[in-house]
Amino acid sequence: MFCLTTPFLVLHATVGMYQKDVPSKQLEEAAVMEAQICLHAVGVDVNSAGVHIIKQISGNLCTGITPSVAKEIIKFRAEHGPFKNRIALKKVKGLGPKIFDQCSGFLMVFDSPEILDATRVHPNDYKFAK
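All values reported here derive from a predicted model rather than from experimental measurement.

**Notes on the side chain of aspartate 45**
Part 1: Along the polypeptide, aspartate 45 turns up in strand 1 (residues 44-45).
Part 2: Arginine 77 provides the closest opposite charge to the buried, salt-bridge-free aspartate 45, at an N-O distance of 6.5 Å.
Part 3: In terms of polar contacts, aspartate 45 uses its side chain to reach the backbone amide nitrogen of asparagine 47, at 3.0 Å.
Part 4: In contact with aspartate 45, other than residues within four places in its own chain, are Met108 and Phe110.

Following this line, the structure appears as structure tokens:
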């Protein structure tokens, strides 16, 4: 599940202008910011996203996913196969209870037997959502 506005915004920023008129650093920063906004709104499928996507959710809404934790998520997935549910994320090295609590609403598992693992509903709120 990805936000499709990022390529549009990048292209839109260059329409009517010469590309050389848009500083590449500014364009890159705008694209990264848009990607983060989309990922915060949509979430990340931890069974298909690469490390660069997972680490993009770090920031104000999810401070615990550092580049090293993102790499550990990918490493865990490679060694143990796809995550079966959100609770399995607790087994990832460096992803402790506080980080899990902060970030589990952004990290989704679409093939989980628990349907709410594929939503933005936080695991602590599952009983209220049901």
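**Thoughts on the environment of alanine 88**
Part 1: Position of alanine 88 among the secondary structure elements: in the loop between helix 4 (67-80) and helix 5 (97-103).
Part 2: Judged by its relative accessible area of 12%, alanine 88 falls in the buried class.

**Some details on the environment of valine 109**
Part 1: Within the fold, valine 109 resides in the loop between strand 2 (107-108) and helix 6 (126-129).
Part 2: Setting aside residues no more than four positions away along its own chain, valine 109 makes contact with Val46, Asn47, Phe83, Lys84, Asn85, Arg86, Asp117 and Ala118.

**Examining helix 2 (residues 24-42)**
Part 1: Its 19 residues place the ends of helix 2 27 Å apart at the C-alpha level, agreeing with the 27 Å of an ideal helix rising 1.5 Å per residue.
Part 2: Restricting attention to buried positions, one finds in helix 2 the residues Ala31, Glu34, Cys38, Leu39, His40 and Val42.
Part 3: Looking one or two residues beyond helix 2, the residue adopting positive phi is glycine 43, at roughly 95°.

**Considerations on the side chain of arginine 86**
Part 1: Positionally, arginine 86 belongs in the loop between helix 4 and helix 5.
Part 2: Buried and unpaired, arginine 86 has no salt bridge, with aspartate 117 as the nearest side chain of opposite charge at 4.5 Å.

**Some thoughts on the pattern of salt bridges**
Part 1: Within the structure shown, the criterion is met by 2 salt bridges.
Part 2: Where glutamate 29 meets lysine 25, a salt bridge forms, and the shortest distance between an N and an O atom there is 3.2 Å. Linking glutamate 29 with lysine 25, this pair stays in helix 2, spanning 4 residues, or about one helical turn.
Part 3: Among the residues examined, lysine 25 registers a relative accessible area of 58% and is labelled exposed.
Part 4: A salt bridge links glutamate 114 to lysine 130, with the shortest nitrogen-to-oxygen separation between them at 2.9 Å. One end of the pair, glutamate 114, is in the loop between strand 2 and helix 6; the other, lysine 130, is in the segment after helix 6, with 16 residues separating them in the sequence.

Cut-offs used in this document
- Residues numbered from 1 in each chain as written.
- Predicted model: local features only at pLDDT ≥ 70, side-chain atom pairs only at ≥ 80, totals over all residues.
- Heavy atoms only, no water.
- Helix = DSSP H or I, 4+ residues; strand = E, 2+ residues; numbered from the N terminus.
- Buried < 20%, exposed > 50% of the residue type's maximum accessible area, 1.4 Å probe, protein only.
- Lys, Arg positive; Asp, Glu negative; His and termini not counted.
- Salt bridge = Lys/Arg side-chain N within 4 Å of Asp/Glu carboxyl O.
- Polar contact = N/O pair within 3.5 Å; in protein donor to acceptor, adjacent residues only side chain to side chain.
- Contact = heavy atoms within 4.5 Å.
- Expected span 1.5 Å × (residues − 1).

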